[in-house]
Amino acid sequence: MFVRKPVSEVEQTEGYYRRYGEAVHRRCLRLLGDEALAWDSTQEVFLRIHANLKPLLAAGSPLSWLLTVADRQCFSVLRRRRTEATLALTRLAPLPEVSASPEAALERLLVDADLVRRVLSHCPEDVQRVVAHRFIDELEQEQIAALLDVSRKTVQRKLQTFFDTARRLLDVVPRPAPRKGTAPA
């Protein structure tokens, strides 16, 4: 009978890296938008799991667990980069069209991934996760609610918090809706 030698923690970590390293890197790259930061964050994720393998070994889905750690790492990087002046956001933002609704103008502004990342750095982690799933993973609100085990209304509130933060940072003031019976100016 062949007795297998126990696998060391280093070998376990290397195995997870071989299987999931590229997926973690892609996630970090999508969240951070910078190749060097993405590789640094990927390395940090695997250093963390090497230091504490038990939660990963107990996780039902190692990939899901690793992506959660990657999200948290990237959001932490974004928070550290928050020190950039908010004025830079205003300079980057194009002026919204006069005929467009405030929500449509804001959504056009937020299509720029760099703007999304900068606004995200000013949001709490629970809002960051919802926004990442909505705009980076391109999931629908129902899918996000199921994935995060929250209600669709909670997802809507988190997205609204994100849009409110973006409005505040970008100085996009919503126009009041016209009253019924009045012609638009």
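1. Concerning the overall build of the protein
Then step 1. Scanning the protein from N- to C-terminus turns up 10 helices and zero strands.
Then step 2. Going residue by residue from the N terminus, the α and β elements of the protein occur as α-α-α-α-α-α-α-α-α-α.
Then step 3. The buried share among the 185 residues of the protein stands at 38%.
Then step 4. Put simply, 67% of the contacts in the protein that link residues at least 6 apart link residues at least 24 apart.

2. What to know about the packing of helix 1 (residues 9-32) against helix 2 (residues 35-51)
Then step 1. Where helix 1 contacts helix 2, the axes come no closer than 8 Å and their chain directions differ by 145°. By crossing handedness, the relation of helix 1 to helix 2 is classed as right-handed.
Then step 2. Considered class by class, the residues forming the contact of helix 1 with helix 2 number 14 nonpolar, six polar and three charged.

3. Considerations on the nonpolar core
Then step 1. Judged by nonpolar contacts, the single largest core of 38 residues is most densely connected at Leu 66 and Phe 162.
Then step 2. At the level of secondary structure, the elements contributing two or more residues to this core comprise helix 1, helix 2, helix 4 (62-80), helix 7 (113-120), helix 8 (125-136), helix 9 (141-148) and helix 10 (152-170).

4. Regarding a negative patch on the surface
Then step 1. A cluster of acidic side chains, namely Glu 22, Asp 34, Glu 35 and Asp 40, defines a negative patch on the protein surface.
Then step 2. Mapped onto the elements, Asp 34 comes out in the loop between helix 1 and helix 2.

5. So, the packing of aromatic side chains
Then step 1. The full count for this structure, using the stated rule, is three aromatic pairs.
Then step 2. Arg 19 extends its terminal NZ or CZ atom over the ring of Tyr 16, reaching a point 5.1 Å from the ring centre.

6. Quick notes on helix 9
Then step 1. The complete set of buried residues in helix 9 reads Gln 141, Ile 144 and Ala 145. Looking straight down helix 9, one finds its buried side chains confined to an arc of 100°; they lie on one side. Exposed residues pointing more than 90 degrees away from the buried face of helix 9 are listed as Ala 146 and Leu 147.
Then step 2. Buried residues along helix 9 sit against helix 8 and helix 10.
Then step 3. Downstream of helix 9 by a residue or two, Asp 149 has a phi angle that is positive, lying close to 55°.

7. So, the side chain of His 25
Then step 1. For His 25, the location among the structural elements is in helix 1.
Then step 2. Dropping the residues within four chain positions of it, His 25 is found in contact with Glu 35, Ala 38, Trp 39 and Thr 42.

8. Section: the side chain of Thr 165
Then step 1. Following the sequence through the fold, Thr 165 ends up in helix 10.
Then step 2. Residue classification places Thr 165 among the buried residues on the basis of a relative accessible area of 9%.

9. Examining the pattern of salt bridges
Then step 1. Taken as a whole, this structure holds seven salt bridges when the rule is applied.
Then step 2. Salt-bridge contacts for Asp 126 lead to Lys 158; the nearest nitrogen and oxygen are separated by 2.5 Å. Remark: Lys 158 occurs in helix 10 and Asp 126 occurs in helix 8; sequence separation between them is 32 residues.
Then step 3. For Lys 158, a relative accessible area of 22% gives the class partly exposed.
Then step 4. Salt-bridge contacts for Arg 167 lead to Asp 164; the nearest nitrogen and oxygen are separated by 3.3 Å. One end of the pair is Arg 167 and the other is Asp 164, both in helix 10 and three residues apart, which spans about a single turn.

10. Points about the confidence of the model for the protein
Then step 1. Summary statistics for the protein give a mean pLDDT of 77 and a share of 71% for residues scoring 70 or more.
Then step 2. No element of the protein has a lower mean pLDDT than helix 5 (residues 87-92), at 48, and none a higher one than helix 2, at 90.
Then step 3. Segment residues 90-98: pLDDT under 50, and 11 contacts once partners within four positions in sequence are set aside and those in other chains are kept.

Scoring rules and cut-offs
- Residues numbered from 1 in each chain as written.
- Predicted model: local features only at pLDDT ≥ 70, side-chain atom pairs only at ≥ 80, totals over all residues.
- Heavy atoms only, no water.
- Helix = DSSP H or I, 4+ residues; strand = E, 2+ residues; numbered from the N terminus.
- Buried < 20%, exposed > 50% of the residue type's maximum accessible area, 1.4 Å probe, protein only.
- Contact = heavy atoms within 4.5 Å.
- Axes fitted to C-alpha atoms, helices over the stretch in contact; angles between N-to-C directions.
- Left-handed = near helix turned anticlockwise from the far one by under 90°.
- Nonpolar A, V, L, I, M, F, W, Y, C, P; charged D, E, K, R; others polar.
- Core = buried A, V, L, I, M, F, W, Y, C linked by side-chain atoms within 4.5 Å.
- Patch = residues over 30% accessible without salt bridge, like charges linked within 9 Å, V, L, I, M, F, W, Y side chains within 5 Å.
- Areas by Shrake-Rupley, 256 points an atom, 1.4 Å probe, with all protein chains shown as cover.
- Salt bridge = Lys/Arg side-chain N within 4 Å of Asp/Glu carboxyl O.
- Lys, Arg positive; Asp, Glu negative; His and termini not counted.
- Charge placed at Lys NZ, Arg CZ, Asp CG, Glu CD.
- Phe/Tyr/Trp six-rings, centres within 6.5 Å; stacked < 30°, edge-to-face > 60°.
- Lys NZ or Arg CZ within 6 Å of the ring centre and 35° of its normal.
- Arc of directions from axis to C-beta.
- pLDDT = per-residue confidence, 0-100.

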